[in-house]
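Each chain is listed here by its residues.
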Amino acid sequence: MTRTDSIPVVADTSVLVLTGAGVSAESGIPTFRDSGGLWEQHSMEQVATPEGFREDPRLVWRFYSERRAKGRACRPNPGHLALAALERRLGDRFLLVTQNIDGLHRQAGSERVIELHGQLYQTRCAHCDREPFDDLEGYDDERPPLCDVCEAAGRMGLLRPAVVWFGEMLDPLHFEAISRFLEEGRRGRLVFLAAGTSGSVWPASALVDEARRAGAGTWLVNAAAADNASRFEHFVQGRSGEVLPGLLG
Ligand code: BJW
């Protein structure tokens, strides 16, 4: 692994970016595994698994309702803005895959975004296959919210946040889109950049391997060495809001 201070982006370069919670940290959104992070105050099994939701849906809704309320006051930081600016330069030769559910990349102006772990401000039914819907509500009262589609059909369906919990499958269409992007990109120069992620959650943590197989040069920008750091060629240690504007400028 080498250290570098700029990513070469030339006319035929395609850039695939993976972001994690660290990219939103400077916007005031807590990460999961850092000191003071969400998993220090909440049990991951209780609030981020389907079993936890079945056990205590009110607890899970309190967790996500609080994040909805706090997240609404947060704004994109220079890291989000640098990625949106890179997309404006590259167009279709840019794809942003984020594990974050906070919507800050879209707020910053990014459009080619895959939200791998879902969206904080969407709700879906845990029982029927109605489409997820936009929802800014906080549900922190005694009764977890119920699905009116299920109710109309004479059954009880609990509503849940439209996010991906441990043990749940991610949307296979996302991976098809990523593979297509890599396939296209390998005709020219290909760059894979991961930022603000601990590299500890599969399958996002394995994207670096897929990118390498496609011939991509690989960069990691992170405050600390990620679990999968040794699989990257270049590591820039620092805060993404400070590093990305210069690295991508
Ligand atoms: C900064 C910074 C700054 C801070 N600038 N940097 C054993 C081995 C391998 C895999 C598994 C296993 N057992 C189970 C699995 C699979 C499992 C998994 O990976 N578990 C691991 C814990 C081991 N994965 C899954 O279950 C996934 N699904 C799946 O595998 O389906 C297939 C399947 C299903 C059923 C049966 C069999 C197969 C689903 C994973 C879903 C993860 N969901 C969450 C919650 C989403 C909703 C929500 O937000 O609440 O996603 S968990 C949480 O972790 C969230 C995040 O997106 C994800 C990753 O976290 P992230 O973004 O990396 O944050 P942190 O906090 O970990 O790191 C932040 C980093 O930023 C740190 O490194 C800091 O240093 C850095 N930093 N400030 C730059 N300013």
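Residues numbered from 1 in each chain as written. Predicted model: local features only at pLDDT ≥ 70, side-chain atom pairs only at ≥ 80, totals over all residues. Heavy atoms only, no water.

> I'd like a rundown of the overall build of the protein, residues and numbers included.
What the protein contains, in helices and strands, is eleven helices and nine strands. By principal-axis analysis of the C-alpha atoms, the protein measures approximately 60 × 35 × 30 Å. Residue burial in the protein is summarised as follows: out of 249 residues, 51% are buried. Partitioning the contacts of the protein with sequence separation of at least 6, the portion at a separation of at least 24 is 69%. Accessible surface, the protein as shown: approximately 12300 Å² in total, 49% of it carbon and sulfur. Each charge sign in the protein was given a centre, from 28 positive and 35 negative side chains, and these centres are 3 Å apart. (Helix = DSSP H or I, 4+ residues; strand = E, 2+ residues; numbered from the N terminus. Buried < 20%, exposed > 50% of the residue type's maximum accessible area, 1.4 Å probe, protein only. Contact = heavy atoms within 4.5 Å. Areas by Shrake-Rupley, 256 points an atom, 1.4 Å probe, with all protein chains shown as cover. Lys, Arg positive; Asp, Glu negative; His and termini not counted. Charge placed at Lys NZ, Arg CZ, Asp CG, Glu CD.)

> Let's hear about the pairing of strand β4 (residues 118-125): which residues, and what values?
In terms of residue burial, β4 counts as a mostly covered element, since six of its eight residues are buried. Of the pairings in the sheet, the one linking β4 to strand β6 (residues 159-163) comprises four bridges and is antiparallel in character. Within β6, the residue paired with Cys-125 across the bridge is Leu-159. As paired strands, β4 and strand β5 (residues 133-134) are joined by two bridges and run antiparallel to one another. (Pairing = 2+ DSSP bridges.)

> Describe helix α9 (residues 172-185), listing the residues and the values that go with them.
Between its terminal C-alpha atoms α9 stretches 20 Å, which fits the 20 Å expected from 14 residues at 1.5 Å a residue. Within α9, burial applies to Ile-178, Phe-181, Leu-182 and Gly-185. One face of α9 carries all of its buried residues, which in axial projection span an arc of 95 degrees. Opposite the buried face of α9, by more than 90 degrees, sit the exposed residues Pro-172, Leu-173 and Arg-180. Check the buried side of α9 and you find it contacts β1 (13-19), β2 (94-98), β3 (113-115), β7 (189-195) and α10 (207-213). The N-cap residue of α9 is Asp-171: its side-chain oxygen and the backbone nitrogen of Leu-173 are 2.8 Å apart. (Expected span 1.5 Å × (residues − 1). Arc of directions from axis to C-beta. Polar contact = N/O pair within 3.5 Å; in protein donor to acceptor, adjacent residues only side chain to side chain.)

> Can you tell me about the site of the ligand, naming the residues and giving the values?
Not every one of the 35 residues close to the ligand is listed here, only the nearest: Arg-33, Tyr-64, Arg-67, Gly-167 and Ser-198. Relative to its unbound accessible surface of 1500 Å², the ligand loses 76% to contact with the protein. For the shell around the ligand, the secondary structure elements donating two or more residues are α1 (22-25) and α5 (57-71). When its residues are assigned to classes, the shell around the ligand shows 16 nonpolar, 13 polar and six charged. When residues of the shell around the ligand are assigned to domains, at least three map to each of domain 1 (1-29 + 76-117 + 169-249) and domain 2 (30-73 + 119-163). (Near = heavy atom within 4 Å. Nonpolar A, V, L, I, M, F, W, Y, C, P; charged D, E, K, R; others polar. Domains from an automatic or database assignment.)

> Which residues make up the packing of aromatic side chains, and what values do they have?
Remark: the centre distance and the inter-plane angle together describe each pair of aromatic rings, the angle taken between the planes. Scanning all chains against the criterion turns up seven aromatic pairs. Judged by centre distance (6.3 Å) and plane angle (50 degrees), the rings of Tyr-64 and Trp-165 are tilted. Of this pair, Tyr-64 sits in helix α5 while Trp-165 sits in the loop between β6 and α9, and the two are 101 residues apart along the sequence. Both residues of the pair, Tyr-64 and Trp-165, belong to the buried class. (Phe/Tyr/Trp six-rings, centres within 6.5 Å; stacked < 30°, edge-to-face > 60°.)

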